[in-house]
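The lines below spell out each chain.
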Amino acid sequence: MPQIIIEHLTKTYRISERDPGFAGTLRGLFRRRYRRVEALRGVSFSLERGELLGLIGPNGAGKSTTIKILSGILRPDSGLVTVDGLVPFEDRRKHVARIGVVFGQRTQLWWDLPVSDGFALLRDIYGVPEQRYRRTLEELVTLLRLEPLLDQPVRQLSLGQRMRAEIVAALLHEPAVLFLDEPTIGLDAPSKLAVREFVLRLNRERGVTVILTTHDMQDIEALAERVIVIGHGRVLADGTFDLLREAVRETHLEVPSIEAVIARFYALHGAAET
Amino acid sequence: MSAPAATHAYIALFVSRFQLMLQYRGAVLAGFATQCWWGAIKVMILAAFYGAPAAAASAPITLSQAITYSWVGQGLLTLLPWMADPDIATAVRTGAVSYDRLRPLDFYALWFARAAGWIAARVVPRALLMAAFACLLLPLLGLAAWAWQPPSAVMAALLFAVSVVLALLLSTAMVMLLNIGVAALLDAAGLNALAAPLVIIFSGSLLPLSLLPDWMQVALLLQPFAGLLDIPLRLYFGQLSGPLAFAGLGLQAFWITVLVLTGRYWLARVLRRLEMQGG
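Basis of the calculations
- Residues numbered from 1 in each chain as written.
- Chains lettered and ligands numbered in written order.
- Predicted model: local features only at pLDDT ≥ 70, side-chain atom pairs only at ≥ 80, totals over all residues.
- Heavy atoms only, no water.
- Helix = DSSP H or I, 4+ residues; strand = E, 2+ residues; numbered from the N terminus.
- Expected span 1.5 Å × (residues − 1).
- Buried < 20%, exposed > 50% of the residue type's maximum accessible area, 1.4 Å probe, protein only.
- Arc of directions from axis to C-beta.
- Pairing = 2+ DSSP bridges.
- Axes fitted to C-alpha atoms, helices over the stretch in contact; angles between N-to-C directions.
- Contact = heavy atoms within 4.5 Å.
- Phe/Tyr/Trp six-rings, centres within 6.5 Å; stacked < 30°, edge-to-face > 60°.
- Patch = residues over 30% accessible without salt bridge, like charges linked within 9 Å, V, L, I, M, F, W, Y side chains within 5 Å.
- Areas by Shrake-Rupley, 256 points an atom, 1.4 Å probe, with all protein chains shown as cover.
- Salt bridge = Lys/Arg side-chain N within 4 Å of Asp/Glu carboxyl O.
- Lys, Arg positive; Asp, Glu negative; His and termini not counted.
- Charge placed at Lys NZ, Arg CZ, Asp CG, Glu CD.
- Parallel < 35°, antiparallel > 145°, perpendicular 65-115°, else oblique.
- Left-handed = near helix turned anticlockwise from the far one by under 90°.
- Nonpolar A, V, L, I, M, F, W, Y, C, P; charged D, E, K, R; others polar.
- Buried area = accessible area lost by both parts, 1.4 Å probe.
- Polar contact = N/O pair within 3.5 Å; in protein donor to acceptor, adjacent residues only side chain to side chain.

### Some points on helix α5 (residues 130-143) of chain A
All names here are of chain A. An ideal rise of 1.5 Å per residue puts 20 Å on 14 residues; α5 measures up with 20 Å between its terminal C-alpha atoms. Burial in α5 covers these residues: Y133, T136, L137, L140 and V141. Angularly, the buried residues of α5 cover 125° about the axis, an arc narrow enough to put them on a single face. Turned more than 90 degrees away from the buried face of α5, the exposed residues are Q131, R134, R135, E138 and T142. Phi turns positive, to about 50°, at R145, one or two residues after α5.

Given below as structure tokens:
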């Protein structure tokens, strides 16, 4: 049985709007106007234990919504989700103890605390036994070359250093599943390489199931055997990286750009969309 | 996670926030200076008030008690629930609150432990400095009449200590209501402005509650804010002693329970909406 199952997931947000300018503000005081945005319109896929899945698609396609539902932060309107048999938003506390999550655009470490204090607090929050914690920390810190940074407050880290610290923070309780939402966003080339290399090892050597979203095709090429293209809240393609390459062969690029891939699949599904 | 492990997690959250807040020494010293200044002004006003013989004779507490009340009140000023926890307000605004949802802990207790650590770290250094100033330094300077007097008895001191711990929990439960309000409304400033006048009058911070009109006394003692400062001080002076002392502590415990249950119910509703709307 697959470790992660998602079936016919739908999610709609209600976004409040108002006309621009002062008149619009006044009108907004009396009558609220809402627009419904369909973030997910029936997404289905499943994942076996130990798979590494790349999720790509333009901004607003539904990638982050999918990750948030899988993490138990959001509740879908309809559809079925289970991770290791648990429904994330129903069995939240049990579920989140078994997963690790990194949101590339946000920080989970305490800004004014030294990195190592933040890690120690996470150890206590997840109730990781001391010996096990030391072993895991040492291993992660060595692999991600974080040793010299442990005594620095988080606010003094560079983005690349912080992202490596974030990844360690997400793994201290040795989760079986890791969700990475744009883990390489804004990183320079060496930092990206370090993150990729590490995620790959984690997946290959430890068998951790990984889902990552990205806008960087090189992330996908380096990491994911399986890629899902999401657009307009639907799964547009689900297959190997080679399949993507095949689909955009006529562009004659060595590594197809993410825009080309997305545009290609949008075109393929264009008739169905509008 | 087992119950003791979870308790350990909440204590770690409390301690970590406490330590973090102690880093900000400049804020402590600035706050302390202001509180000495206000304390001195209040002491002078009280002295003028007690200067009228009719007032002094009919007052339920002596001038020396009223002066002590002011110094203790200034020392414990940051124990009061003046505003929502700024960290939680920031987390709600930036969306970092998602990470709080990822912790395998009870969500209310997670925020409660953090907020309690925040309040405790703000109050402990200020209270110690104020005690050193008003209780030790003033008598040494020959101003014993204007000083913070020791408690009426050892028992009173013990009851006061227990009551201050309950006041911390009560204050945290009130700050939690503000926190949840911030999560619901995404704005902290308005709520904080609403809380301050209620707190300053009804906790006794402005004026000891027993100096307010007689016909209000029962209501003043029963309302939740009295447990923040006035009840601890009534225990300190021995105004509440014997069975009444335990009634005072019981009243604090009662309001803590009511406010925690209210907060939990409200938080569950707000979180449900955030889960729907994508916070």
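Read on, since the account is not over.
### So, the sheet that holds strand β4 (residues 78-83) of chain A
Within a sheet, each strand pairs with its neighbour through backbone hydrogen bonds, oriented either parallel or antiparallel. Residue and element names in this part refer to chain A. Read from one edge of the open sheet, 3 strands run β2-β1-β4, paired in antiparallel fashion. One side of each edge strand has no neighbouring strand; the edge strands of this open sheet are β2 (33-47) and β4. In this sheet, neighbouring strand axes are inclined to one another by 30° on average, regardless of whether the strands run parallel or antiparallel. Judged from the 5 bridges that link them, strand β1 (residues 4-17) and β4 form a sheet pairing that is antiparallel. Across the sheet, residue I6 finds its bridge partner in β4, namely V81. Of the strands in this sheet, β1, β2 and β4 touch helix α2 (residues 63-71), which is tilted by about 115° from β1.

### Structural notes on the packing of aromatic side chains
All names here are of chain B. Taken as a whole, this structure holds 11 aromatic pairs over all chains when the rule is applied. Taking the centre distance of 4.9 Å and the plane angle of 45° together, the rings of F107 and W111 count as tilted. One end of the pair, F107, and the other, W111, are both in helix α7 (residues 107-140), 4 residues apart, so they sit about a helical turn from each other. Given the relative accessible area of 1%, W111 is considered buried. With 4.9 Å between their ring centres and 70° between their planes, F160 and Y236 make a pair best called edge-to-face. Taken together, the residues F160 in helix α8 (residues 154-185) and Y236 in helix α11 (residues 230-237) connect sequence positions 76 residues apart.

### A short note on a negative patch on the surface
All names here are of chain A. Together, D117, E138, E147 and D151 line one region of the surface with negative charge. You can see E147 is positioned in the loop between α5 and α6 (159-171). For E147, a relative accessible area of 55% gives the class exposed.

### A few points about the sheet that holds strand β6 (residues 177-181) of chain A
Residues and elements named next belong to chain A. Spatially, β5-β6-β7-β3-β8-β9 is the arrangement adopted by the 6 strands of the open sheet, whose pairing is mixed. Looking at the sheet topology across the chains shown, the edges are occupied by β5 (99-103) and β9 (234-240). Strand after strand, the sheet turns through a mean of 15° between neighbouring axes, direction not considered. Of the pairings in the sheet, the one linking strand β3 (residues 52-56) to strand β7 (residues 209-213) comprises 4 bridges and is parallel in character. Note on β7: the bridge partner recorded for L53 is I211. Packing against the sheet, α2 makes contact with β3, β5, β6, β7 and β8 (226-231), and its axis sits at approximately 150° to β6. Most of the contacts of α6 go to β5, to which it runs at about 160°, and overall it touches β5 and β6.

### What to know about α8(B)
The end-to-end C-alpha separation of α8(B) is 46 Å, in line with the 46 Å expected for 32 residues at 1.5 Å each. A positive backbone phi angle near 60° is found at B:L186, which sits one or two residues after α8(B).

### Digging into the pairing of β3(A)
Residues and elements named next belong to chain A. Counting buried positions along β3 yields 5 of 5 residues, so the element is predominantly enclosed. Both faces of β3 are covered, namely the face carrying L52, G54 and I56 and the face carrying L53 and L55. Of the strand pairs in this sheet, β3 and β8 are connected by 4 bridges, and their pairing is parallel. For L55, the partnering residue across the bridge sits in β8 and is I228.

### Details of the packing of helix α4 (residues 115-126) of chain A against α5(A)
All names here are of chain A. With their axes 11 Å apart at the nearest point, α4 and α5 run at an angle of 135° to one another. Our classification of the angle between α4 and α5 gives oblique. When you trace α4 past α5, the crossing you get is right-handed. Residue-level contacts link S116, F119, A120 and R123 of α4 to E130, Y133 and L137 of α5. Of the residues belonging to the contact of α4 with α5, the class tally is 4 nonpolar, 1 polar and 2 charged.

### Things to note about the interface of chain B and chain A
If you look at the interface, chain B gives 30 residues, while chain A gives 28 residues. Together chain B and chain A conceal approximately 2700 Å² of surface at their shared face, both sides included; 53% is due to carbon and sulfur atoms. Between chain B and chain A we count 10 residue pairs in polar contact (both at pLDDT 80 or more) in total. Those elements that place two or more of their residues in the side of chain B that touches chain A are α1 (3-22), α6 (97-101) and α12 (243-277) of chain B. With 8 residues, α1(B) is the largest single contributor of residues to the side of chain B that touches chain A. A class-by-class count of the residues in the side of chain B that touches chain A yields 16 nonpolar, 8 polar and 6 charged.

### Considering the side chain of B:D100
Residue placement: B:D100 occurs in helix α6. At a separation of 3.2 Å, a polar atom in the side chain of B:D100 contacts the side chain of B:R114. Dropping the residues within four chain positions of it, B:D100 is found in contact with A:R92, B:F107, B:L110, B:W111 and B:R114.

### Some points on unusual backbone geometry
Leaving glycine out, the prevailing phi sign among residues is negative, and the prevailing peptide bond configuration is trans. All names here are of chain A. The backbone of H8 sits at a positive phi, close to 50°, despite the residue not being glycine. The residue H8 is located in strand β1 in this model. Of the residues examined, H8 reaches a relative accessible area of 54% and is grouped as exposed. Even without being glycine, R145 reaches a positive phi, approximately 50°. The topology assignment puts R145 in the loop between α5 and α6.

### Considerations on the packing of helix α4 (residues 63-75) of chain B against α7(B)
The relative placement of two packed helices comes down to the angle between their axes together with the axis-to-axis distance. Residue and element names in this part refer to chain B. For the pair α4 and α7, interaxial distance at closest approach is 8 Å and the crossing angle is 150°. Comparing the axis directions of α4 and α7 gives the class roughly antiparallel. Residues W71, Q74 and G75 of α4 form the contact with α7, whose participating residues are V123, R126, A127, M130, F133, A134 and L138. Looking at the contact of α4 with α7 residue by residue, the class counts come to 7 nonpolar, 2 polar and 1 charged.

None of the figures reported here should be taken as evidence of function without further support.
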